[in-house]
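Here is what each chain is made of, one letter per residue.
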Amino acid sequence: MDCKGVFRRYIAALANPDMLDEILTPDFVGRDLPPPGNRDLLSAFRGAVMQACPDQRIEILDIVAEGNHVAGRWRAEQTHTGPFRDIAATGVRFSFDGYEFVRLRDGRIAERWVALNPSPNEVMAQLGSSRQPGT
């Protein structure tokens, strides 16, 4: 599978974290996660996201590949229907854009760097501020 195909498969696997072990190297490093971000942390985080927003859909908008590096721009859309961290379900529909760079090794993703717009803190603030009194 070419680099772009691996990236597409990885993006699809974000909705099914059990598949990440097949796509990420055992020594995967997520540069955007709390150090040292690894495969288990990403899988656990994605599991929590999918429980909170089971309708999440990620659309790849752009992919560029050169050598063993892939850059992708994608948009995630979802509804917050379950608890996430300290925020109860709000029913809020929201989206954000991701800008992701990955390095592949032996047909699997070994490293990733991700930036989100709005930032994760901004998304959490939006969800927290939309809570109804008493929830």
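Residues numbered from 1 in each chain as written. Predicted model: local features only at pLDDT ≥ 70, side-chain atom pairs only at ≥ 80, totals over all residues. Heavy atoms only, no water.

Asks: Before we move on, could you go through the side chain of Asp97 and cite the residues and values that matter?
Replies: Along the chain, Asp97 falls in strand E4 (residues 93-105). Within polar-contact distance, the side chain of Asp97 engages the side chain of Arg75 at 2.7 Å. With residues up to four places along the chain from it excluded, the contact list for Asp97 reads Trp74, Arg75, Ala115, Leu116 and Asn117. (Helix = DSSP H or I, 4+ residues; strand = E, 2+ residues; numbered from the N terminus. Polar contact = N/O pair within 3.5 Å; in protein donor to acceptor, adjacent residues only side chain to side chain. Contact = heavy atoms within 4.5 Å.)

Asks: Quick one: what's the story with the sheet that holds E4, residue by residue and with numbers?
Replies: With respect to topology, five strands assemble into an open sheet ordered E1-E5-E4-E3-E2, the strand pairing being mixed. Each end of this open sheet is capped by a strand with a single partner; those strands are strand E1 (24-30) and strand E2 (57-66). The sheet shows a mean angle of 25° between the axes of neighbouring strands, taken without regard to direction. Across nine bridges, E2 lies against strand E3 (residues 69-79) in antiparallel orientation. Residue pairing across strands places Arg57 opposite Glu77, the latter belonging to E3. Strands in contact with helix H1 (residues 3-13) are E1, E2, E3, E4 and strand E5 (108-117); relative to E2, the strand with the most contacts, it is inclined by about 160°. Along the sheet face, helix H3 (residues 39-52) touches E1, E2, E3 and E5 and points at about 75° away from the line of E1. (Pairing = 2+ DSSP bridges. Axes fitted to C-alpha atoms, helices over the stretch in contact; angles between N-to-C directions.)

Asks: How would you summarise a nonpolar patch on the surface if you had to cite specific residues and measurements?
Replies: A surface patch of nonpolar side chains, about 290 Å² in accessible area, is lined by Tyr99, Phe101 and Trp113. Its location among the elements puts Tyr99 in strand E4. The class for Tyr99 is partly exposed, based on a relative accessible area of 31%. (Patch = residues over 30% accessible without salt bridge, like charges linked within 9 Å, V, L, I, M, F, W, Y side chains within 5 Å. Areas by Shrake-Rupley, 256 points an atom, 1.4 Å probe, with all protein chains shown as cover. Salt bridge = Lys/Arg side-chain N within 4 Å of Asp/Glu carboxyl O. Buried < 20%, exposed > 50% of the residue type's maximum accessible area, 1.4 Å probe, protein only.)

Asks: Give me the environment of Arg85: which residues, what numbers.
Replies: Turning to its location among the elements, Arg85 is positioned in the loop between E3 and E4. When its relative accessible area of 61% is taken as the criterion, Arg85 is described as exposed. For the pair Arg85 and Glu111, spaced 26 residues apart in sequence, the C-alpha to C-alpha distance is 25 Å. Apart from the residues lying within four places of it in its own chain, the contact partners of Arg85 are Phe45 and Met124.

Asks: Tell me what's going on with the packing of aromatic side chains, and back it up with residues and numbers.
Replies: Following the criterion strictly, the structure yields four aromatic pairs and no others. A ring pair is formed by Phe7 and Tyr10, whose centres lie 6.0 Å apart and whose planes are at 50°; its orientation type is tilted. On the criterion of helical spacing, the pair formed by Phe7 and Tyr10 is a turn pair, its members being three residues apart in helix H1. Relative accessible area serves as the criterion here: at 0%, Tyr10 is assigned to the buried category. Here Phe94 and Phe96 contribute two aromatic rings whose centre-to-centre distance is 6.4 Å and whose plane-to-plane angle is 25°, an arrangement assigned as stacked. Among the residues examined, Phe94 registers a relative accessible area of 12% and is labelled buried. Aromatic rings pair up to connect Trp74, Phe94 and Phe96 into one cluster. (Phe/Tyr/Trp six-rings, centres within 6.5 Å; stacked < 30°, edge-to-face > 60°.)

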